[in-house]
Amino acid sequence: MRNRLIPLLLLLCAGSVTAQTNKESPSLLIAGGTVVDGTGARGRRADVRITGDVITEIGSLAPKQGERVIDARGRVVAPGFIDTHSHADGGLLETPDAETQIRQGITTAIVGQDGGSRVPLAQFFDEIRAKRAALNIASFVGHGAIRRQVLGANYKRAATPQEVLRMRALVGQEMRAGALGLSTGLEYDPGLYATTEEVIACAKVAATYGGSYISHVRDEENEAVESFREVIRIAEAARLPAQISHIKLGSAPVWGKASEVVRLMDEARGRGLGITADVYPYTYWQSTITVIIPTRNWDDRAAWERGLAEIGGPANVLLTTYTPDPAWQGKTIARIADAANKDAVTILQEIVIKTRGDRAARRECVVVTAMREEDLKRFIAAPRIMFCTDGGLRGSHPRGAGSYPRILGRYVREQRVIPLEEAVRKMTSLPAQTMGLSDRGVLRPGRKADIVLFDPATIKDAATTANPTAAPVGLSHVLVNGVPVLDAGKMTGARPGAGAAAKITAIRRTILSGLVMSGPVNDPSEKGSRPRGRNSRSAGNVVSCHFFIRFFPIGPQLVRAVMTLLVVDVRHYSV
C-alpha cells in the first residue's frame, strides 16, 4: 500500500486522546444489517457500534443502556463512498450540506480536479474549516491553476525553464498545505499548451512529498489511448502513482477498445507503476462544447463536421447551459439548428463566438452521448478502476446526484456486471488506498465511522438530464465521522466533515514544514539532490518523523513502530 505519512501519524498520536473521548461520548448501534465491509469479502450479518467518530465494535452486540439503535434489517451497512473525482468544491461554501452528494452515500469528496484548484489551498482549507461541511474534503493541487498564475494571459505556449521552476515551487507550497498530489486538465486551457516534460517536472515535486498524479487526459476521443500512454509516461518519469480521471472512449474510432486500455494499465502495473482510473456510470459526458474538436481554430468547419460525425451527430449534443439565450437550454444542437433553419456547424460556431469571444463571461455547457455501453461495462468491471461522479453539487449532468446508486441498482442488481461486494470495494477501500486515506474506507474497529445504509433490492438513481438533481431511492442513512447527516431519508443539517479534514491538514502542514526546515526539497532526478531514487520518501519521512517527535513527545516503542512502518511502507510503490 502506498504510504501516506499524515493519516498514520494522526492515528498513532491521537490514540490515547480518542480512547479517552470515546469513554465519554454516547455510542450508537447499527443493528441487524448485512455488513459489507469494503474489503471485497462476502457480506455477513453483524452489528456495528460507533463511539464518538470511530467504529469500536463489530459483531453480535447487545444494546447498551441509553444507546441509540438504528434498525438496519434488510439493509447493507457499508463504508461511506469516496468520490475520487468530484467538483463539490464549487459552491460548497454556499451549500455546505452537499445534499446531492450525501443522498447518494458520498462521505468523502476528492476535489481540485482537471487541473483546477483553489490557490492557495491553505486558504480554502481554512474557509472549509470555518464554514464546516457535511462531508469530508481532500484536494489535489491543479496544474492549470498554477500555470495560469505563473504565465498569466500569455499561456498559449510552452513554459520557459524559469516559469517551470516557479510552477514547481508553487506545487511544493500546495503539497505542504495538504494537497494529495497534482491534477491536470490537459484537454482544457491552459493545460492544453503544456508539454509532457512540464507536467513531469511538476509531478516530480508532488512525488517528493509522497503525492500522486491524476489527469483529465489530453484527448478522450480519437487519441484517447495515446493520451492514456502519456499518463503512464508521466507516472514512470516522475516515479509516482497515477490515475486516469473519468476514463472513457468518447468517439467512434476508439469504441470497442476498453479491453485494450485495461491491458495497457495492467502492463504498466506489471512494471511496478501504480496506474488506476475512475469512471462514472453513464454513456454521456458533460463539458464545454469546445472539446468536440481538438483544435482551437473555431472557424475550421471541417473539424466541426468531423467532430460531430465521430460522436454520432448533432442529435447527441444536448445544450444544458447557454446564458446568451436560455431558450436553447435543454435542446439538442440538431433541434436548435432545425428551428433556426441553419446547419449544425453554424450553430456550434455561433455558440463558441458568444461564449469564447469578447463576451467570455457568458457560459455554455453540453451533455454529449458518445460512449458505448459495452466499453462502460468493461471499465466498471475492471479491478483497478474505481468510481466517481465528476459532478458538482447542483450540476446539469445526472452523474452529480446519481452515480453511486446507479452503479448499485443498474450494474450490480439489474445487469450483474459486478457483485455487490466488489462494487462496494471499488467505492470504498480501493479509493481510500489509492488516495492514502488510511483511516477510512473499511468497516473495522478503530476506523472513522463514515457509514452508509442502503436497501440492495431497491436502491436506484432517479436523476435525469431533465431533472439532474433528483434524489435516489433506497438509501436511508449516511454517517460522517459518526454523525448522522442523512437519517431515515431526511437530511439532519449536521455538518461534521470539515473538522476532521482540518485536523489532518493542520498536522500535515506542521510535519511538512519541518521537512522543509530540514533542507530544500529538490527534484529527485537532479544531480546532487537528496533524497534520491524510489526510496526517497523514506528519507523525507524520517526527517518529518523526527520533527514530529520533537514537538509531540511519544514513547520510544511507538517511535520505533512509526519508523518501521514508514520505511517498510514506502517501498510498496504500487497499490
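Each value, and the rule that gives it
- Residues numbered from 1 in each chain as written.
- Predicted model: local features only at pLDDT ≥ 70, side-chain atom pairs only at ≥ 80, totals over all residues.
- Heavy atoms only, no water.
- Helix = DSSP H or I, 4+ residues; strand = E, 2+ residues; numbered from the N terminus.
- Expected span 1.5 Å × (residues − 1).
- Buried < 20%, exposed > 50% of the residue type's maximum accessible area, 1.4 Å probe, protein only.
- Contact = heavy atoms within 4.5 Å.
- Pairing = 2+ DSSP bridges.
- Phe/Tyr/Trp six-rings, centres within 6.5 Å; stacked < 30°, edge-to-face > 60°.
- Lys NZ or Arg CZ within 6 Å of the ring centre and 35° of its normal.
- Axes fitted to C-alpha atoms, helices over the stretch in contact; angles between N-to-C directions.
- Parallel < 35°, antiparallel > 145°, perpendicular 65-115°, else oblique.
- Core = buried A, V, L, I, M, F, W, Y, C linked by side-chain atoms within 4.5 Å.
- Polar contact = N/O pair within 3.5 Å; in protein donor to acceptor, adjacent residues only side chain to side chain.
- Salt bridge = Lys/Arg side-chain N within 4 Å of Asp/Glu carboxyl O.
- pLDDT = per-residue confidence, 0-100.

A. Spatial organisation of helix α7 (residues 224-238). If you check α7, its first and last C-alpha atoms are 21 Å apart, about what 15 residues at 1.5 Å a residue would give, namely 21 Å. Within α7, the full set of buried residues consists of Ala 224, Val 225, Ser 227, Phe 228, Glu 230, Val 231, Ile 232, Ile 234, Ala 235 and Ala 238. The elements touched by buried residues of α7 are α6 (196-208), β11 (212-216), β12 (242-244), α8 (258-270) and β13 (275-279). Of the residues trailing α7, Arg 239 is marked for its positive phi of about 60°.

B. The arrangement of the sheet that holds strand β17 (residues 364-369) in detail. Strand order in the open sheet made by the 4 strands is β14-β17-β15-β16, with antiparallel pairing throughout. The open sheet terminates on both sides in strands that have one partner only, identified here as β14 (284-287) and β16 (331-332). Where β14 meets β17, 4 bridges bridge the pair, whose relative direction is antiparallel. Bridge assignment links Gln 286 to a residue of β17, and that residue is Val 367.

C. Summary view of the packing of aromatic side chains. A full pass over the atoms with the stated rule returns 7 aromatic pairs. Centre to centre, the rings of Phe 81 and Phe 454 are 6.5 Å apart; their planes meet at 55°, and the pair counts as tilted. Here Phe 81 is found in strand β6 (residues 81-83), whereas its partner Phe 454 is found in strand β19 (residues 451-454), with 373 residues between them in sequence. Residue classification places Phe 81 among the buried residues on the basis of a relative accessible area of 0%. A relative accessible area of 0% means that Phe 454 is categorised as buried. Between Tyr 280 and Tyr 282 the ring centres are 6.5 Å apart and the planes differ by 50°, which places this aromatic pair in the tilted class. In this pair, the class of Tyr 280 matches that of Tyr 282, namely buried. Aromatic ring contacts, followed pair by pair, group Phe 81, Tyr 404 and Phe 454 into a single cluster. Sitting over the ring of Tyr 155, Arg 148 keeps its end group 5.1 Å from the ring centre.

D. Layout of the packing of helix α10 (residues 333-340) against helix α11 (residues 344-356). Put simply, α10 and α11 touch, their axes get as near as 9 Å, and they point 100° apart. Between α10 and α11, the interaxial angle falls into the category roughly perpendicular. Of the residues in α11, those in contact with Ile 333, Ile 336, Ala 337 and Ala 340 of α10 are Ala 344, Ile 347, Leu 348 and Ile 351.

E. Local environment of the nonpolar core. In terms of nonpolar packing, the biggest core is built from 95 residues, with Tyr 213, Phe 228, Ile 247, Phe 379, Leu 408 and Phe 454 touching the most fellow members. Apart from the residues lying within four places of it in its own chain, the contact partners of Leu 408 are Phe 81, Arg 413, Leu 420, Ala 423, Met 427, Phe 454 and Ile 459. Core analysis: the second largest hydrophobic core is formed by 33 residues, Ile 336, Ala 344, Ile 347 and Val 366 among them.

F. Fine view of the side chain of His 477. Tracing the backbone shows His 477 in strand β20 (residues 475-480). Accessibility expressed as a relative area gives 6% for His 477, which makes it buried. Of note is the side chain of His 477, whose polar atom sits 3.4 Å from the side chain of Asp 487.

G. How the structure looks around the pairing of β20. For β20, a buried count of 6 out of 6 residues is recorded, marking the element as mostly surrounded by other parts of the structure. Pairing geometry for β19 and β20, over 4 bridges, is antiparallel. Across the sheet, residue Ile 451 finds its bridge partner in β20, namely Leu 479. Inspection of the sheet shows β20 paired to strand β21 (residues 483-487) by 3 bridges, in the antiparallel sense. Each bridged residue has a counterpart across the sheet, and for Val 478 the counterpart in β21 is Leu 486. Joining the antiparallel neighbours β20 and β21 is a turn of 2 residues, in which Asn 481 adopts a positive phi near 50°.

H. Main features of the pattern of salt bridges. Counted by the stated rule, this structure contains 30 salt bridges. Glu 99 is the partner of Arg 103 in a salt bridge, and the nearest nitrogen-oxygen pair spans 2.7 Å. Residue Glu 230 is joined to Arg 218 by a salt bridge in which the shortest nitrogen-to-oxygen separation is 2.9 Å. Residue Glu 230 is found in helix α7, and its partner Arg 218 is found in the loop between β11 and α7; the two are separated by 12 residues along the sequence. For Glu 230, a relative accessible area of 10% puts it in the buried group. One continuous salt-bridge network, built from bridges that share partners, spans Arg 49, Glu 57 and Glu 67.

I. Expanded view of the confidence of the model for the protein. Considering every residue of the protein, the mean pLDDT works out to 85; 81% of them sit at 70 or more. In the model, residues 1-23 has pLDDT below 50 throughout and makes 56 contacts with residues more than four positions away in sequence or in other chains. In this model, residues 499-575 is a region of pLDDT below 50 whose contacts with residues beyond four sequence positions or in other chains number 136 contacts.

J. The arrangement of the sheet that holds strand β8 (residues 136-139) in detail. Taking strand neighbours across the sheet as the criterion, the 3 strands line up as β6-β7-β8 in an open arrangement whose pairing is parallel. Since the sheet does not close on itself, it has two edges, and those belong to β6 and β8, each with one partner. Neighbour to neighbour, the strand axes of the sheet diverge by 20° on average, direction disregarded. Sheet topology places β6 next to strand β7 (residues 106-111); 3 bridges connect them, and they run parallel. Across the sheet, the residue bridging to Ile 82 is Thr 108, located in β7.

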